[in-house]
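Next come the chains, spelled out residue by residue.
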Amino acid sequence: METDVTTELYPRERVGLVREATGKAGLGAVLLTPGPDLRYVTGYDAKQLERLTCLVVPAGGEPFLVVPRLELPAAQESPAGSLGVELVPWDETDDPYALVARRLPRDVGSVGVADRMWAVMALRFRGAMPGAEQVAAGGVLRELRMRKSAAEVAALRAAGEAIDRVHRRVPELLKAGRTEREVGRDIADAIIAEGHEQVDFVIVGSGPNGANPHAELSDRVIRPGEPVVVDIGGTMPSGYCSDSTRNYCVGEPPADYRAYFAVLEEAQRASCEAVRPGATPEEVDAAGRDIIAAAGHGEHFFHRTGHGIGLESHEDPYIVAGNREPLEPGMAFSIEPGIYPGPHGARIEDIVVCTEDGYTPMNVTERGLVIVD
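Everything numeric here is computed off the predicted structure, so don't read it as measured data.

**Observations regarding the domain arrangement of the chain**
Piece 1. When cut into domains, the chain gives domain 1 (1-145) and domain 2 (150-371).
Piece 2. Measuring from the centre of the C-alpha atoms in domain 1 to the corresponding centre in domain 2 gives 34 Å.
Piece 3. In this assembly, twelve residues from domain 1 lie in contact with twelve residues from domain 2.
Piece 4. Note on domain 1 versus domain 2: buried area summed over both sides is about 1,100 Å², and carbon and sulfur give 44% of it.
Piece 5. On the domain 1 side of the contact with domain 2, Leu9, Arg142 and Arg145 bury the most area, a combined 47% of that side's loss.
Piece 6. Inspection of the region where domain 1 meets domain 2 yields six salt bridges.

Have a look at this one:
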């Protein structure tokens, strides 16, 4: 990743914004161990180890990054090394939890711990700071992470373009007589070949397996005339994720499938068009769900319409009934209604970003059914 792109994705001022948010939340500090929150704030994609790595952001003091001495070079070479944050190495015979506690005020009443912090680490911090209540730090960072910057949107667009290229290769891989696992293995290779750093998931749901939204790859042989749901995603070198679902059929699909797939196309389009500043996720969900229910398939759409995406495949905001938090420009999420009657199923998924006057899609491949000869 180019240095200037790294700077734009993980700007120096982000640490200050987190410190400000920590104070507004009434916390004495937030403690961020390796995971998406730490990477969001510092750009440091630290290893998950039994040795403690932790960014400490006090509400009323200077932030510092505690790292095992073994990992100090990696921290220095990461974007965190140029943020002006003090790097505090600790040795094998040190107690890093006590080290953190000593550097915070004795009367700190509460701390936010990273949502992905290992339980054993949270317990060690509790032992080192018995008077400090622990709360989830995700609530402090969610307001920042939900609103993507221009650089983050560009990273999501690059991820969308990469996964679109993979979908364009699917027809050459999806053949009758091949198993889901064989096709999935080739798709995984294509995900890496098209620019992703890692494969997050590959779903190849043929026939009845297409009615399971989270179907695992199996040794089921794909047969002529069977619809196939292909849901794929990965993580780019930037750290930002892709996620897109398209539908294929080896030969002519059943008539009933074509009928409900047309309903699904209308529903997915309606939910996308409902995205605008001030609209609620609940309204976006209802826009497509009502169409599916009116067509008699309400019981066959049994998951939320979408999820936020960024440094994680699933993050805030969630596009679901009951979520009345207004959408704002910069929020990025999936729109993926599905219909799953049983003999087969279908789902159409795009990543979209809320803009000042509507939305823009991160995926541009054909959303209609792709017939594979």
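Let us keep going from here.
**A few points about the environment of Ile371**
Piece 1. By the element assignment, Ile371 lies in strand β17 (residues 370-372).
Piece 2. For the pair Ile371 and Val135, spaced 236 residues apart in the sequence, the C-alpha separation amounts to 51 Å.
Piece 3. For Ile371, the contacting residues outside a window of four places in its chain are Cys249, Gly251, Pro253 and Arg258.

**Re the sheet that holds strand β9 (residues 244-250)**
By way of backbone hydrogen bonds, the strands of a sheet pair with one another, either parallel or antiparallel.
Piece 1. Taken together, the four strands give an open sheet; going across it, the order is β7-β8-β9-β17, and neighbouring strands pair in mixed fashion. Each end of this open sheet is capped by a strand with a single partner; those strands are β7 (198-206) and β17. Neighbour-to-neighbour, the strand axes of this sheet turn through a mean angle of 25 degrees, independent of strand direction.
Piece 2. Relative to β9, helix α8 (residues 150-173) is tilted by about 10 degrees, and along the sheet it contacts β8 (227-235), β9 and β17.

**Some remarks on the UniProt feature "domain: Creatinase N-terminal" (unreviewed entry) in the chain**
Piece 1. Sequence positions flagged by UniProt for "domain: Creatinase N-terminal" (unreviewed entry) are, in local numbering, residues 14-146.
Piece 2. Secondary structure content for residues 14-146 is 38% helix and 20% strand, while the C-alpha to C-alpha distance between its ends is 14 Å.

**Things to note about the UniProt feature "domain: Peptidase M24" (unreviewed entry) in the chain**
Piece 1. Per the UniProt record, "domain: Peptidase M24" (unreviewed entry) is annotated on residues 155-356.
Piece 2. The distance from the first to the last C-alpha atom of residues 155-356 is 19 Å, and the span holds 33% helix and 23% strand.

**Regarding the side chain of Glu312**
Piece 1. As for its placement among the helices and strands, Glu312 is situated in the loop between β10 (306-308) and β11 (315-319).
Piece 2. In terms of polar contacts, Glu312 uses its side chain to reach the side chain of Arg116, at 2.3 Å.
Piece 3. Discounting chain neighbours no more than four positions away, the residues touching Glu312 are Pro36, Arg116, Arg145 and Cys241.

**Brief notes about the packing of aromatic side chains**
Piece 1. Using the criterion set out here, one finds four aromatic pairs in the structure.
Piece 2. When the centroid spacing of 5.2 Å and the interplanar angle of 70 degrees are considered together, the rings of Tyr257 and Tyr260 count as edge-to-face. Taken as a pair, Tyr257 and Tyr260 lie in helix α10 (residues 255-273) at a separation of three residues, close to a single helical turn. Across this residue pair, the class does not change: Tyr257 and Tyr260 are buried.
Piece 3. Between Tyr257 and Phe261, the ring centres sit 5.8 Å apart and the planes meet at 25 degrees, which makes this aromatic pair stacked. Of this pair, Tyr257 and Phe261 both sit in helix α10, four residues apart, roughly one helical turn. As far as burial versus exposure is concerned, Tyr257 and Phe261 are alike and both buried.
Piece 4. Among the aromatic residues, those joined into a cluster by ring pairs are Tyr257, Tyr260 and Phe261.

**What to know about the packing of α8 against helix α9 (residues 180-193)**
Piece 1. Viewed as axis vectors pointing N to C, α8 and α9 meet at an angle of 145 degrees, and their least axial separation amounts to 9 Å. Note that α8 runs across α9; the crossing there is right-handed. Contact residues: α8 offers Ile163, Val166, Arg169, Val170 and Leu173, while α9 offers Val183, Asp186, Ile187, Ala190, Ile191 and Ala193.
Piece 2. For the contact of α8 with α9, a count of residues per class yields nine nonpolar, no polar and two charged.

Reading the values: rules and limits
Chains are numbered independently. Their residues run from 1 in the order of the written sequence. The predicted origin of the model limits local features to residues at a pLDDT of at least 70 and limits the giving and counting of side-chain atom pairs to 80 or more, whereas totals for whole chains, interfaces and linings rest on all residues. With hydrogens and water excluded, all non-hydrogen atoms of the structure serve as input to the side-chain values. Where each domain begins and ends is defined by an automated method or by a domain database. In this analysis, two residues are considered to be in contact whenever any of their non-hydrogen atoms come within 4.5 Å of each other. Here the buried area means the combined drop in accessible surface, using a 1.4 Å probe, for two parts upon being joined, counting both sides. Take a side-chain nitrogen of Lys or Arg and a carboxyl oxygen of Asp or Glu: if they are within 4 Å of each other, that pair is a salt bridge. Numbering goes from the N terminus for both helices and strands, where a helix is a DSSP run of H or I of at least four residues and a strand is a run of E of at least two. Following DSSP output, two strands are said to pair if at least two bridges run between them. Note on geometry: axes are C-alpha line fits, over the in-contact stretch for helices, and angles between N-to-C directions span 0 to 180 degrees. UniProt positions are given in the numbering used here, feature names are shortened, and annotations may be inferred rather than shown by experiment. Any pair of nitrogen or oxygen atoms within 3.5 Å is treated as a polar contact; in protein, a donor-acceptor pairing is required on top of that, and neighbouring residues in sequence qualify only through side-chain atoms on both sides. Stacked, edge-to-face and tilted labels apply to pairs of Phe, Tyr and Trp rings (six-membered ring for Trp) whose centres lie within 6.5 Å, assigned for plane angles under 30 degrees, over 60, and everything in between, in that order. Here the term buried applies to any residue with accessible area under 20% of the maximum for its type, exposed to any over 50%, and partly exposed to those in between, with areas from a 1.4 Å probe on protein chains only. The crossing is said to be left-handed when, going from far helix to near helix, the turn is anticlockwise and less than a right angle, and right-handed when the turn is clockwise. Nonpolar residues are Ala, Val, Leu, Ile, Met, Phe, Trp, Tyr, Cys and Pro. Charged residues are Asp, Glu, Lys and Arg, and all others, Gly as well, are polar.

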